[in-house]
Amino acid sequence: MIKLSKNPHLVRLKTRGESICPISKTIDSFEITVEYIPRGAALAIEEFKKIVDSYRGREILHEELAVDILEKIKAAVNPPYVKVILKSYYSGVEIEVVAESGGAQTMYI
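Residues numbered from 1 in each chain as written. Predicted model: local features only at pLDDT ≥ 70, side-chain atom pairs only at ≥ 80, totals over all residues. Heavy atoms only, no water.

Caption draft 1: A look at the pattern of salt bridges. Considering all chains together, one arrives at 8 salt bridges under this definition. In this structure, Glu-35 engages Arg-12 in a salt bridge whose closest nitrogen and oxygen atoms are separated by 2.8 Å. Within this pair, whereas Glu-35 is found in strand β3 (residues 27-37), its partner Arg-12 is found in strand β2 (residues 11-20), the two being separated by 23 residues in sequence. Overall, Glu-35 belongs to the buried group, its relative accessible area being 14%. A salt bridge links Asp-68 to Arg-58; its shortest N-O distance comes to 3.6 Å. Of this pair, Asp-68 sits in helix α2 (residues 62-77) while Arg-58 sits in the loop between α1 (45-53) and α2, and the two are 10 residues apart along the sequence. (Salt bridge = Lys/Arg side-chain N within 4 Å of Asp/Glu carboxyl O. Helix = DSSP H or I, 4+ residues; strand = E, 2+ residues; numbered from the N terminus. Buried < 20%, exposed > 50% of the residue type's maximum accessible area, 1.4 Å probe, protein only.)

Okay, structure coming up:
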């Protein structure tokens, strides 16, 4: 966690990761995007990679993985809004799982 003296409107982090499909027992590669509104603290990049890398070799469904990562980010930096988008492919089908918590802040123009 990094303490912030000024909060940006939105932070977006994107990386790739791997887990194990509990059904087929094969490696699932995925791309993950996290968007959150910081509230006095930001997630360190190293901490984000550590969270994503913790799923390597772990059996978990993508639907559960997205929610699990959302909960870890909420616990780490307590954002008023966080969204996790997990994308992967299986048998030629694109899979996109979205987990979201809180409401996006109102933007005034």
